[in-house]
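Residue-level structure breakdown
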Amino acid sequence: MSDEKNKGKAVTELLDIAKVENIQTAHARSASMKPCPIGATSACCKNCFMGPCRLVSKSGEEKRGVCGATQDTVAARNFARMIAAGNAGHVDHAREIVKVFRGAAKGELKHYEIKDEVKLHMIAKVYGIDTDGRDKQDIAIELGDKITAEFGQQEGELKMIGRAPKKRRQLWKDKGLSPRGIDMEIVEMMHRTIVGNDQDVMSLLMAGTRTALSNGWGGSMIPTELQDIMLGTPSPLKGKANLGVLEEDQVNIIVHGHDPLLAEMIVEAVKDESLQAAARAKGASGINIVGICCTANEVLLRHGLSMVGSFSQQELALITGAVELMAVDIQCIMQSLPAIAKCYHTKIITTSDKAKIPGAAHIPFDEENAYEQAKEIIKLAVDNFPNRRKVHIPDEKTADLIAGFSHETISYMLGGTFRSSYRPLNDNIINGRILGVVGVVGCSLPKDEGKGITSTVVKELIANNVLVLQTGCASYACANEDYLIPEAAVKYAGSGLAEVCETVGIPPVLHCGSCVDNSRILIACAAMVHEGGLGNDLADLPVAGCAPEWMSEKAIAIGQYFVGSGAPVVFGSKSPVANSKCVNDLLTKGFKEITGGFWAFEPNPNKMAQIIIDEIVVRRTALGIEKQKERVLYDMAMRRDLKCG
Ligand code: SF4
Ligand code: MSK
């Protein structure tokens, strides 16, 4: 386990080097950047060129844009556009995955295959595909076709929403929230929000919710499930985190971004003995593949490869001087990487035509030759090893953490392989050992580095017997606090949660994957409802979502699909729509009446945890399970009574 005193030491050491070497980092830029107070509250509109309009009202009188748009309309439009942009990230990721899935199904791609047949059958059933007597390729081809059609679908409902409880589906239908098509909801939202179009706050927010739901129950759920079918569904395995996972005597390659397709091939290709021999010939003892951001989460969950860092640490990894090559795919990649890499020997390779960066070399991902490309990339890194100059790898890495908690795994872990079920989870929520379940997800912020915002929220939650599910960069913060190891249950969790974790052998914080894998949390919630005993709708469950250090538009899209699915969602910032009391009130209170979910914006981590715990208690009370049930210990007389005959 890492030394308590050393927490954050790696980051401090590398920031000190950056200062001495005059290298600009996000941490320094963040410290010198004064965020625009107008943009921060959604008081600005630049949706047409009569503006940009700044709707700042000092005296409290209503302020309108040149086109007549009110503060409320502008705030609602901005919020809805953030949802659409966030969706686009996940949906376009999905598009790439579906393309490769179809190629694999048709047998056209040598290196991708249908690995998880059980999941293939499960998802085929969701899409109404008859699987009897058909081989897996045949089923996968039909599934790929049906999913592809959903991108351009113009009417009806996305098939994945059929996995939600019946009551929720009916509510979505009644309120016009059932998502119709994956691309369509985004396009319609962009149309609604251009100048002179939808100016009704409620109409915008409802359409925004439908757009977000098309992500959670479509654009994100599709890549999660298809990646599992092609690359394998994660199950618990060990890994490590922090900058100390870079190896001084090895060729270090970092995979960074969100799309696991090429990273998966790099993980395969590195086993090639000729590459290992080439590394040895260059003086290295081996090749070390590690990750950053959500590509890290993908390779950690499936292969136990280490996480060097989260979003905030991507530049710092290069400042170690020990990275031969960083291969980036899509999303959350800082433009500063090539400039920093120039100060060292590091090669930055962009691999998506949708994410090019000036100064980086570009090797566009080619699914037909992905393995060969992976070898080419590894070879570039190996050849670069002798060019290393000064190296400083901080001596800081975590103990073995446990990751790989897909929703199937949670079910297996709790119920056993042969009786996999959410029953034990529900029972332990009902008997009060577990207070509730909360997804603590999202990004990491350079400005909050070292403040322990995410870890404080999580620490408070688990101490109060809340089981925490994690995705994205938040998991890195918790890995560094050793919350992802089973021993954390005894050390940090409340007695009820600790007892459950110890019995099952799981940590109190379960790492479920990348940003798109927030859909696993939706499925876990749906499974809890289907299991019974905790109400008959997602909004009845004692659950919540939380992103203490969010920054991406994707986080807003995720937050809104949780709100649309009936969950309370707490974000660690001031309200991004504070310039409109109306919109702010609708998001934080009004939606409770519509979907059962609501937003809270609160920068203080202890208060964030308290808001969540309070709402969980409200929900437990509504379910009639507010009090922890007394444990019944059977005495001999009771045992005798139980005997048959
Ligand atoms: Fe201003 Fe209206 Fe144009 Fe927005 S759409 S910039 S509020 S004129
Ligand atoms: S990578 S979206 S910084 S979680 Fe998914 Fe991390 Fe947030 Fe990117």
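Residues numbered from 1 in each chain as written. Chains lettered and ligands numbered in written order. Predicted model: local features only at pLDDT ≥ 70, side-chain atom pairs only at ≥ 80, totals over all residues. Heavy atoms only, no water.

A short note on the packing of aromatic side chains
To be explicit about the condition: When two rings of Phe, Tyr or Trp (its six-membered ring) have centres within 6.5 Å they constitute a pair, described as stacked for plane angles under 30 degrees, edge-to-face for angles over 60, and tilted for the intermediate range. Numbered from the N terminus, helices here are DSSP runs of H or I no shorter than four residues, and strands are runs of E no shorter than two. We call a residue buried when its accessible area falls under 20% of the maximum for its residue type, exposed when it is over 50%, and partly exposed in between, using a 1.4 Å probe and counting protein chains only.
Applying the stated rule across the entire model yields 7 aromatic pairs. Their ring planes at 85° and their centres at 5.6 Å tell us that Phe79 and Trp599 sit as a pair that is edge-to-face. A residue pair is termed long-range when its members are at least 10 positions apart, and Phe79 in helix H4 (residues 71-105) and Trp599 in strand E16 (residues 598-601) qualify at 520 residues. Take Phe79 and Trp599: they sit in the same class, and that class is buried. Here the aromatic rings of Trp172 and Trp217 are separated by 5.6 Å at their centres, their planes lie at 65°, and the arrangement is edge-to-face. With Trp172 in helix H7 (residues 166-174) and Trp217 in helix H9 (residues 201-219), this residue pair connects regions lying 45 residues apart in the sequence. Of the two residues, Trp172 and Trp217, neither departs from the other in class, the shared state being buried.

Here's the deal with the nonpolar core
Put simply, the test is: Each nonpolar core is a collection of buried residues, namely Ala, Val, Leu, Ile, Met, Phe, Trp, Tyr and Cys, held together in the definition by side-chain atoms within 4.5 Å.
By size, the foremost hydrophobic cluster in this structure holds 174 residues, and its most contacted members are Tyr112, Leu143, Trp217, Ile287 and Leu461. With 15 residues, the top contributor of residues to this core is H4. Judged by nonpolar contacts, the second largest core, of 36 residues, contains Ile23, Ala26, Leu246 and Leu318.

Quick notes on the environment of Phe591
In plain terms, the rule: Residue contacts are defined here by distance: any two heavy atoms, one from each residue, within 4.5 Å place the two residues in contact.
Examined against the element boundaries, Phe591 turns out to sit in helix H25 (residues 581-594). Expressed as a C-alpha distance, the spacing of Phe591 and Ser573, which sit 18 residues apart in the sequence, is 19 Å. Apart from residues no more than four positions distant in its own chain, Phe591 is found in contact with Leu205, Met206, Thr209, Gln560, Val563, Leu586, Gly596 and Gly597.

Points about the site of ligand 1
Put simply, the test is: Whether a residue is near a molecule or strand depends on its heavy atoms: if one lies within 4 Å, it is near. Residue type decides the class: Asp, Glu, Lys and Arg count as charged, Ala, Val, Leu, Ile, Met, Phe, Trp, Tyr, Cys and Pro as nonpolar, and the leftover types, Gly among them, as polar.
Ligand 1 sits among Cys45, Asn47, Cys48, Met50, Gly51, Cys53, Gly65, Val66, Cys67, Arg77 and Val195. Broken down by class, the residue content of the shell around ligand 1 amounts to 7 nonpolar, 3 polar and 1 charged.

Thoughts on the site of ligand 2
Taken together, 13 residues are adjacent to ligand 2, and His258, Cys294, Cys332, Cys473 and Cys515 come closest. Looking at side-chain class alone, the shell around ligand 2 contains 8 nonpolar, 4 polar and 1 charged residues.

Side note on helix H12 (residues 273-281)
What counts here: Our arc is simply the arc of the directions from the helix axis toward the C-beta atoms.
All of the buried residues along H12 are Leu275, Gln276, Ala278 and Ala279. Each buried residue of H12 lies within a common arc of 155° when the element is viewed along its axis, so the set occupies one face. Summarising the contacts, the buried residues of H12 are in contact with strand E4 (251-257), helix H11 (260-269), strand E5 (287-292) and helix H16 (370-384).

Description of the confidence of the model for the protein chain
Formally: The predictor's confidence in any single residue is recorded as pLDDT, a number from 0 to 100.
Of all residues in the protein chain, 95% have pLDDT values of 70 or greater, and the mean over the chain is 94. Low pLDDT, under 50, characterises residues 1-6; the predicted model gives this stretch 11 contacts beyond four residues in sequence or across chains. Ignoring residues within four places in sequence, the model shows residues 629-645, a span with pLDDT below 50, making 8 contacts including any to other chains.

Overview of the packing of helix H5 (residues 117-126) against helix H6 (residues 136-152)
The following threshold applies: Geometry is summarised by axes, namely lines fitted to C-alpha atoms with helices restricted to the contacting stretch, and by angles between N-to-C directions that run from 0 to 180 degrees. Oblique is the label for any angle not covered by the other classes, which are roughly parallel (under 35 degrees), roughly antiparallel (over 145) and roughly perpendicular (65 to 115). Note: crossing handedness is left-handed where the near helix turns anticlockwise from the far helix by less than a right angle, and right-handed where it turns clockwise.
Two elements in contact, H5 and H6, have axes separated by 10 Å at closest approach and are oriented at 40°. With respect to H6, the element H5 is oriented oblique. The chirality of how H5 crosses H6 is left-handed. Residue-level inspection shows Glu117, Leu120, His121, Ile123 and Ala124 of H5 in contact with H6, the latter providing Lys136, Ile139, Ala140 and Leu143. Here the residues of the contact of H5 with H6 are counted per class, giving 6 nonpolar, 1 polar and 2 charged.

Focus: the pattern of salt bridges
Note that side chains of opposite charge can pair when their charged atoms are close. Going by this rule: Every case where a carboxyl oxygen of Asp or Glu lies within 4 Å of a side-chain nitrogen of Lys or Arg is listed as a salt bridge.
A complete count under the given rule lists 43 salt bridges for this structure. Across the salt bridge formed by Glu188 and Arg192, the nearest N and O atoms sit 2.9 Å from each other. In this pair, Glu188 and Arg192 are both assigned in helix H8 (residues 182-192), 4 residues apart and thus about one turn of the helix distant. Like Arg192, Glu188 is buried. Across the salt bridge formed by Lys375 and Asp272, the nearest N and O atoms sit 2.9 Å from each other. Of this pair, Lys375 sits in helix H16 while Asp272 sits in the loop between H11 and H12, and the two are 103 residues apart along the sequence. Relative accessible area serves as the criterion here: at 27%, Lys375 is assigned to the partly exposed category. Asp272 sits in the buried class, given a relative accessible area of 17%. What you see here is one network of salt bridges that share partners, running through Lys119, Arg163, Glu225, Asp228, Glu298, Arg302, Glu408, Asp517 and Arg520.

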